[in-house]
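Chain by chain, the residues run as shown.
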Amino acid sequence: MKESSSEFEKIDVKDVHITGGLLAHKYQTVIENVIPYQWLALNDEVEDADPSHALANFRIAAGWEDGEFAGMVFQDSDVAKWLEAVAYQLAVTPDDELKGKADGVIDIIAQAQEENGYLNTYFQLKEPEAKWTNLTECHELYCAGHMLEAAVAYYEATGERKLLDVMVKYVDLIDSLFGREESKIHGYPGHQEIELALMRLYGITGNDRHLKLASYFIDERGTEPNFFTREIERRAGKTHWPNFHENNHLDYNQAHLPVRDQKVAVGHAVRAVYMYSAMADIARERDDAALAEACRTLWANVTEKQMYITGGIGSSDFQEAFTIDYDIPNDRAYNETCASIGLMFWAQRMIMLDGDARYADVMERAFYNGILSGMSEDGKKFFYVNPLEVVPSVCDKRDDMKHVEPVRQKWFTCACCPPNIARLLASLGQYIYLKSKDSLWVNLYGDSRVKVSLGGTAVLFEQKGNYPWDGNVHMSLSMEDEADFTLKIRIPQWCGNDWTLTVNGEAFPGVPEKGYVEIKRIWKNGDSLALSLEMKEKRIYTNSNVGANAGKVALMKGPVVYCLEEADNGSHLSSLILRKDGPISSRFRGDLLGGVNVLTAEGFRERSVSGRLYGERRPEREEAEMHFIPYFAWNNRGKGELLVWVRE
């Protein structure tokens, strides 16, 4: 593994154990339910679910069985993400049976690889003559990136190189084909992914060619003459997707400008945040001030003008894309689960770029709301789209809202989100903590312990509490020898100045710098910290430029966004009005939805005086008690209405 030239480094997944609370519940759901369920889905063994055929494609390409390619052009990536999730599980919890399945898949992948290193079952089986002719639409480099991430994760988890060697050989081929040399393809992927995967590879190889290739794909993007435009011309306008729109494909792929000149997030949201993640990695590694500044500018635009309260991004069904500033409708929201996952990737890298907790605030928001909402309580159904207002009968009838599924699905024809959730949750430990030279950064809270070397000493750092349902976090340290190092304790933006911190029972008077309280001292075995974050029920209002939320309020407690659901409040949720300045109470319900806080508030329900569609008489109001549950937990009790933003 290369020695990092930057201050930060990620914590190995194997060194973090999630031990209790909501995080452990979700993590165990992935281990016990999601990964086994997705194995069945990839093998087309889930009844009444969209077929995958992803593993069958590899078996056919390997010559292990007869048949034809089936599925999306990027179907290989589903297998890659499943393997990556498995790698993270094996790193923490050895499982011989699961490893045997994964090793069997790796054997098939190795057998499917061509002699020169090429590996993509769509082009190998369906269009072998068309390789590298449609980077704009056909995901060759995207699939390579996901399989490369799986290879790196599997090597780090097991020490075994078989998949890594397969992918290094493929990367060597890609490196021989792409670049600024006259003999090479002067191009880059339509769907970004390989850039951040190459940075992960560089992290273990230290091979400068891997860093240079990642940098090339970023630096070349959006330059003139534009590669995508020329590629379409070479194909005489022939496209893979029937609804491909030539006029706006550059915005869609974030290729409208060189990346350092981009100021506003445009186009496909997942592609964008994957690219921004790679930009942050490269900026940090190469100390590229212009690239870092572009990341900060784009971050401000996304999170301050185009992000939902849930951490959802990409508001439009058309092209799964950003639109314009402040266009964040609730009932037509797209908010692909993968986009929130990508936002979390980017946030972590921005912390490593700037050491600022404001990025962790967004990472936490996206995780507890826009990501967890994508998976059912049992881990066997999934949302691709995450709206903030749902009336099922409207979704069923309106063609412009067909993208909004009012219930989670068993699987999807385009199934990128379920395995993405699995790999994120299985690697969650890397997001809770980060390390820099003799400093441990605590970014997220939840029952967990991490083993890390600090001040030349092996340290076991542990935190316990009932987060995110209350804000009291107890932290302790175990070590053989005393050591001089620093703890960086994040103070979330949502608690403002309402927090206290004690070290060994004594108040610590530190002032947060960039959102972290820094405690530098000689630490001893048994030292402890107690962090108390005031977790109040809060009313949140939107910038007045967001017309969809005019006159409305949302409720949060800590990092969790709450919502009304039909199961608790009856139908016609839009007729409910929250009493202005009325009390809001909170109660933990261990018997509900795996254990969640429920908020109760006073309000009214409006009823029309007459049965007419329009009239001059104001609707009458009757007292109503309103019950809010965490947004991520909605639609686990049957089909029904949802509402996040409520009239006040």
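Scroll up for the structure.
A brief structural summary. (Residues numbered from 1 in each chain as written. Predicted model: local features only at pLDDT ≥ 70, side-chain atom pairs only at ≥ 80, totals over all residues. Heavy atoms only, no water.)

## What to know about the overall build of the chain
Right, on to step 1. In terms of helices and strands, the chain carries 19 helices and 24 strands.
Right, on to step 2. Based on the C-alpha atoms only, the size of the chain along its principal axes is roughly 75 × 70 × 50 Å.
Right, on to step 3. The buried share among the 648 residues of the chain stands at 59%.
Right, on to step 4. In the chain, the share of contacts with a sequence separation of at least 24, taken over all contacts with a separation of at least 6, comes to 71%.
Right, on to step 5. Approximately 25300 Å² of the chain is accessible, and the part contributed by carbon and sulfur atoms is 45%.
Right, on to step 6. Once the 71 positive and 99 negative side-chain charges of the chain are each reduced to a mean point, those two points are 3 Å apart. (Helix = DSSP H or I, 4+ residues; strand = E, 2+ residues; numbered from the N terminus. Buried < 20%, exposed > 50% of the residue type's maximum accessible area, 1.4 Å probe, protein only. Contact = heavy atoms within 4.5 Å. Areas by Shrake-Rupley, 256 points an atom, 1.4 Å probe, with all protein chains shown as cover. Lys, Arg positive; Asp, Glu negative; His and termini not counted. Charge placed at Lys NZ, Arg CZ, Asp CG, Glu CD.)

## Let's talk about the packing of helix α14 (residues 337-354) against helix α15 (residues 357-371)
Right, on to step 1. Taken N-terminus to C-terminus, the directions of α14 and α15 make an angle of 160°; their axes are 8 Å apart at the nearest point. It follows from the interaxial angle that α14 and α15 lie roughly antiparallel. α15 is crossed by α14, and the crossing has left-handed handedness. Of the residues in α15, those in contact with Thr-337, Ser-340, Ile-341, Leu-343, Met-344, Ala-347, Gln-348, Met-350, Ile-351 and Asp-354 of α14 are Arg-358, Tyr-359, Ala-360, Val-362, Met-363, Ala-366, Phe-367, Gly-370 and Ile-371.
Right, on to step 2. For the contact of α14 with α15, the per-class residue count stands at 13 nonpolar, four polar and two charged. (Axes fitted to C-alpha atoms, helices over the stretch in contact; angles between N-to-C directions. Parallel < 35°, antiparallel > 145°, perpendicular 65-115°, else oblique. Left-handed = near helix turned anticlockwise from the far one by under 90°. Nonpolar A, V, L, I, M, F, W, Y, C, P; charged D, E, K, R; others polar.)

## Remarks on the sheet that holds strand β7 (residues 439-442)
Right, on to step 1. Taking strand neighbours across the sheet as the criterion, the five strands line up as β1-β6-β7-β11-β14 in an open arrangement whose pairing is mixed. The outermost strands of the open sheet, each flanked by one partner alone, are β1 (8-10) and β14 (516-523). Averaged over all adjacent pairs, the angle separating strand axes in this sheet is 25°, with direction ignored.
Right, on to step 2. In this structure, strand β6 (residues 433-436) lies alongside β7, joined through four bridges in antiparallel fashion. When the sheet's bridge partners are listed, Lys-435 is paired in β7 with Leu-440.
Right, on to step 3. Seen against the sheet, α14 touches β1, β6 and β14 and runs at an angle of roughly 150° to β1. (Pairing = 2+ DSSP bridges.)

## Quick notes on the sheet that holds strand β9 (residues 457-465)
Right, on to step 1. Taken together, seven strands build an open sheet; the order of strands is β2-β8-β9-β10-β15-β12-β13 and the sheet is antiparallel. Two strands bound the open sheet, and with one partner strand each, they are β2 (16-18) and β13 (506-507).
Right, on to step 2. Across five bridges, strand β12 (residues 499-503) lies against strand β15 (residues 528-533) in antiparallel orientation. The partner of Val-503 across the bridge, within β15, is Leu-529.

## Considering unusual backbone geometry
Right, on to step 1. Between Glu-224 and Pro-225 the backbone carries a cis peptide bond, its omega angle lying at -5°.
Right, on to step 2. Summarising the element assignment, Pro-225 is placed in the loop between α9 (208-220) and α10 (227-234).
Right, on to step 3. The residue after Tyr-467, namely Pro-468, is reached through a cis peptide bond having omega 10°.
Right, on to step 4. As for its position among the elements, Pro-468 is in the loop between β9 and β10 (472-479).
Right, on to step 5. Backbone geometry at Asn-335 places phi at a positive 50°, although glycine is not the residue there.
Right, on to step 6. Relative to the helices and strands, Asn-335 resides in the loop between β4 (321-322) and α14.
Right, on to step 7. Owing to a relative accessible area of 1%, Asn-335 belongs among the buried residues under this scheme.
Right, on to step 8. One non-glycine residue, Leu-593, lies in the positive phi region at around 55°.
Right, on to step 9. Relative to the helices and strands, Leu-593 resides in the loop between β20 (584-589) and β21 (596-607).

Take it as geometry only, folks, not as evidence of what the structure does.
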